[in-house]
Amino acid sequence: IDGLRGQFDEYTNAEQAIYLARQDAADAATNVATIGATAGLAASVALIAIFAVYLSLTVVGPVTRAAEMAGHLAAGDLSSRMPETGTAEIGALERSFNSLAASLEASHAAQQRLLDQQSALRRVATLVAQGAPPDEVFRAVLRELADHLPAELAALGRYEADETMTGVAGWIRDRGPAELFERIPLDGDSVSARVWRTCATARMD
């Protein structure tokens, strides 16, 4: 019986040692798994953060700027533009928005020029309808020309039968009426001479 008890104690001790060894191995494996899971979770969070930043820079940011630009355009700010930093479809969207804004700005400028020209014509027509003297009408015409064309000086002359030109009116930008020239000959090469000879518009540098 004592021998059996001794063997049983040895067996119990051996089993206890095996159990403790397995427990230690399980604890170690648990720690490794916990560390691995934590590292994986951290890596996943980092990847999600990087992807979120990437989406923000490449998609959300450009779309937000496009929405802001659309608001500016709708409010009448046709000079608004957005940086063309995107790629693929986002880059195409940015270029399309800028092209649209440029087209709208050019169309608005052309429309404004047309309105300004029509206003100028109405002002001159009003003077004529009111029976204003020719000198006043001529000055008004030249003033409108100087205001709507990139010219420093506008002059109006009358062609005479003896191939000369007589000054009728003149206007200098930001200064007002210019001194009139008397008769000038048309035998040289000048804009006036070219118009006299061709009965068409002329230009020279």
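Below: a short report on this structure.

**As for unusual backbone geometry**
Part 1: Phi is positive for Glu163, close to 60°, though the residue is something other than glycine.
Part 2: Structurally, the position occupied by Glu163 is in the loop between strand S1 (153–159) and strand S2 (164–172).
Part 3: The exposure class assigned to Glu163 is partly exposed, which follows from its relative accessible area of 46%.
Part 4: You will see that Asp174, though not glycine, has its phi angle at about 65°, which is positive.
Part 5: Along the chain, Asp174 turns up in the loop between S2 and strand S3 (176–177).

**So, helix H1 (residues 2–74)**
Part 1: In this model H1 runs 102 Å from its N-terminal to its C-terminal C-alpha over 73 residues, within 8% of the 108 Å that 1.5 Å per residue would give.
Part 2: Most pronounced at Ser56, the bend in H1 amounts to some 45°.
Part 3: Here the buried face of H1 lies against helix H2 (88–129).
Part 4: After H1 finishes, the residue Gly76 shows a positive phi value of roughly 105°.

**Describing a nonpolar patch on the surface**
Part 1: On the surface, Phe51, Tyr54, Leu55, Val59, Val60, Val63 and Leu93 cluster together into a nonpolar patch covering about 580 Å² of accessible area.
Part 2: The element contributing the most residues to the nonpolar patch is H1, with 6 residues.
Part 3: What makes Phe51 partly exposed here is its relative accessible area of 49%.

**Focus on the pattern of salt bridges**
Part 1: Per the stated rule, a full pass over the model turns up 8 salt bridges.
Part 2: Between Asp189 and Arg197 there is a salt bridge, with the nearest N and O atoms lying 4.0 Å from each other.
Part 3: Via salt bridges that share partners, Arg158, Glu160, Asp162 and Arg183 belong to a single interconnected network.

**Let's talk about the environment of Asp24**
Part 1: With respect to the element layout, Asp24 can be found in helix H1.
Part 2: A sequence separation of 181 residues divides Asp24 from Asp205, and the C-alpha atoms of the two residues are 99 Å apart.

**Looking at the pairing of S1**
Part 1: Inspection of the sheet shows S1 paired to S2 by 7 bridges, in the antiparallel sense. Note on S2: the bridge partner recorded for Leu156 is Ala169.
Part 2: In this antiparallel pair of consecutive strands, S1 and S2, the connection spans 4 residues, and Glu163 shows a positive phi of 60°.

Cut-offs and rules
- Residues numbered from 1 in each chain as written.
- Predicted model: local features only at pLDDT ≥ 70, side-chain atom pairs only at ≥ 80, totals over all residues.
- Heavy atoms only, no water.
- Helix = DSSP H or I, 4+ residues; strand = E, 2+ residues; numbered from the N terminus.
- Buried < 20%, exposed > 50% of the residue type's maximum accessible area, 1.4 Å probe, protein only.
- Expected span 1.5 Å × (residues − 1).
- Bend = angle between axes of the 7 residues up to and from the residue.
- Contact = heavy atoms within 4.5 Å.
- Patch = residues over 30% accessible without salt bridge, like charges linked within 9 Å, V, L, I, M, F, W, Y side chains within 5 Å.
- Areas by Shrake-Rupley, 256 points an atom, 1.4 Å probe, with all protein chains shown as cover.
- Salt bridge = Lys/Arg side-chain N within 4 Å of Asp/Glu carboxyl O.
- Pairing = 2+ DSSP bridges.

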